[in-house]
Amino acid sequence: MRRKSASSEAAFLRGEVGVDGELLEAEQDAAAVEADDARAELLRGRTYLGRELLTWMLWRSESTDPLFTHQDTPVHVNYAGRITLRGALGEITELSAKGALAPYSAQVKRALASGLLVHTARLTFTVGERSFEVSLDAEHLDVKSAKLPELMTEEEDDREQERLHLADELGALVDGCIRTFLTVRASRSWNTTVVPELRAWMEEDA
Amino acid sequence: MPLTRGAVTFSRFRVRPGAKELPSDLPRSLGRALRARAFEPLDRTGDEERAAGFVELEAEDGVEFASGSVFRGDHALFAYRVDTLKVPSSQLQAELKKWLEAFEAENDRPPTRGEKSRAKTELRDMLRKRVEPSVRIHEVSWNLKTHELSIWSSNRRAVEEVALAIESLYELSLEPRVPAALALEAGIAEDALGPTPELIGGAAGAEEATHAA
């Protein structure tokens, strides 16, 4: 009780609350502005679709099944390293987790269950024996800091061509993820089966 | 050059014809179009602080765009150069302080507002000739077969500027490769892709969606 009263007094002295203990208008405004910004970001260019995509891929990548096939070769996706979640409705608008297994951790799933979705992630596409590592963001789906598979050619001009070809292929892999997601997203099963299963997965460690 | 070595960062677009169709002899006409919007260096004696335009990929001063320098297989490769020339205000203030001291020592009075303003302009012009412009090169690869275009930059504002410059080449439109654009391509109706309340609203959203159903 004494501690609560001391903390209220400290908040008053810091100018955060008024004599009645209520948040000052400026503080409330800052929170409202932040929430408005988060909502605007979510809707801008339909960023929510990108976040749903990256979240759906995270869920699907826990299984060992391929996500889709590219030129008749199965494509597996694996999340590794840093992951950033963002939301627009709760008290937390952004949460970051770092660690090799962070994307699949119970903490991340709990955050997803509370309404945050994946906004940026580092992931690996495995296509046959080759792997492409890339960071993606939900708003633009830009390819960032990607590592392409080892080049096979030795001539300088051929290496440039091969690199361009691999960069195009990486773009095609990202498109493949989007198309596979959109097929599910626009189907009836999205609301009846996929979303309930996805939520059950998010809540399994809650 | 990020396009030829190191980690890879780029923004992806699909090239769509705008008001006019793309020319059928694109490989030949692209050089002309790039030359028409080629980079022109800043004039050190002028007031402009920024210059931007297209250059060859392998020569940051090259603006000939001969087909041998632009085309590699199915790709057209070129770059967009942005030079910025800005006199650092700390440097200008330091020079102005020196001038003020010298003026007062010589004239036994502080300078008038007009004298100070003229001196400031002269000092800025002098410093413009000494300062090196900052040079940014943003590479572009355009696959003429698949109509995919990549701008190799991690700076979002730069990507938007380069995209606008490329659009102006042929009044074409560059569509970002994002889910909304791919949905449109696949003929998926816009109203089928609203936000999913169960995901965006967390548990409360899920409950709300259940009640709504």
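Overview of the structure. Note that this is a predicted model, so its numbers are computed, not measured.

Scanning chain A from terminus to terminus reveals six helices and six strands. Listed N to C, the secondary structure of chain A is α-α-α-β-β-β-α-β-β-β-α-α in terms of helices and strands. Here chain A holds 206 residues, and 31% of them are scored as buried.

A word on the overall build of chain B. Of the regular secondary structure elements, chain B holds eight helices and seven strands. Taken against the 2.2 N^0.38 rule, which gives 17 Å for 213 residues, the C-alpha radius of gyration of chain B at 26 Å runs more than 25% over that of a compact globule. Its C-alpha atoms give chain B principal-axis dimensions of roughly 85 × 55 × 35 Å. Classification of the 213 residues of chain B by burial places 25% in the buried group. Counting contacts in chain B only where the partners sit at least 6 residues apart, residues at least 24 apart contribute 65% of the total.

With that settled, the discussion passes to the interface of chain B and chain A. In this complex, chain B contributes 36 residues to the contact, which on the side of chain A involves 39 residues. Contributions of two or more residues to the side of chain B that touches chain A are made by β1 (8-16), β5 (134-143), β6 (148-152), α6 (179-185), α7 (197-200) and α8 (202-212) of chain B. The element best represented in the side of chain B that touches chain A is β1 of chain B, accounting for five residues. In terms of residue class, the side of chain B that touches chain A is built from 18 nonpolar, 13 polar and five charged. Alignment of strand β6 (residues 143-147) of chain A against β1 of chain B, held across two bridges, turns out to be antiparallel.

Ranked by internal contacts, the top residues of the largest apolar core, which has 76 residues, are F78 and V140 of chain B. For this core, the element with the highest residue contribution is helix α5 (residues 156-185) of chain A, accounting for nine residues. Not counting the four nearest positions on each side in its chain, V140 of chain B is found in contact with F78, A79, Y80, L149, I151, V162 and I166 of chain B.

So, on to the pairing of strand β5 (residues 130-137) of chain A. All names here are of chain A. Bridging between strand β4 (residues 117-127) and β5 involves eight bridges; their strand directions are antiparallel. Residue R122 lies in a different strand from β5, and its bridge partner there is S135. Joining the antiparallel neighbours β4 and β5 is a turn of two residues, in which G128 adopts a positive phi near 60 degrees. Where β5 meets β6, two bridges bridge the pair, whose relative direction is antiparallel. Counted as the bridge partner of E133 is K147 from β6. Between β5 and β6, which pair antiparallel one after the other, the connecting turn spans five residues, and L141 there sits at a positive phi close to 55 degrees.

A few words now on unusual backbone geometry. All names here are of chain B. Residues other than glycine seldom take positive phi values, yet F65 does so here, at roughly 55 degrees. Residue position: F65 is located in the loop between β2 (50-56) and α2 (67-70). Classification of F65 as buried rests on a count of 22 C-beta atoms within 10 Å. The residue E171 is not glycine, and still its phi comes out positive at about 55 degrees. Structurally, E171 can be placed in the loop between α5 (156-170) and β7 (173-176). The class of E171 is exposed, set by 11 C-beta atoms lying within 10 Å.

Quick look at α5 of chain A now. Over its 30 residues, α5 of chain A extends 43 Å from the first C-alpha to the last, a length consistent with the 44 Å expected when each residue adds 1.5 Å. Considered for burial, the residues of α5 of chain A that qualify are E160, L164, A167, L170, G171, L173, V174, C177, I178, F181, L182 and R185 of chain A.

Before going further, it helps to spend a moment on the packing of helix α3 (residues 89-107) of chain B against helix α4 (residues 113-130) of chain B. Residues and elements named next belong to chain B. Contact geometry for α3 and α4: axes closest at 10 Å, N-to-C directions at 130 degrees. In terms of axis orientation, α3 runs oblique to α4. Two packed elements cross with a definite hand, and for α3 against α4 that hand is right-handed. Contacts from Q91, L92, E95, L96 and W99 of α3 reach α4 at A119, K120, L123, R124 and L127. The residue inventory of the contact of α3 with α4, partitioned by class, reads six nonpolar, one polar and three charged.

Calculation criteria
Residues numbered from 1 in each chain as written. Chains lettered and ligands numbered in written order. Predicted model: local features only at pLDDT ≥ 70, side-chain atom pairs only at ≥ 80, totals over all residues. Helix = DSSP H or I, 4+ residues; strand = E, 2+ residues; numbered from the N terminus. Buried ≥ 20, exposed ≤ 12 C-beta atoms within 10 Å, placed from the backbone. Rg over C-alpha atoms; globule rule 2.2 N^0.38 Å. Contact = placed C-beta atoms within 7 Å. Nonpolar A, V, L, I, M, F, W, Y, C, P; charged D, E, K, R; others polar. Pairing = 2+ DSSP bridges. Core = buried A, V, L, I, M, F, W, Y, C linked by C-beta atoms within 7 Å. Expected span 1.5 Å × (residues − 1). Axes fitted to C-alpha atoms, helices over the stretch in contact; angles between N-to-C directions. Parallel < 35°, antiparallel > 145°, perpendicular 65-115°, else oblique. Left-handed = near helix turned anticlockwise from the far one by under 90°.

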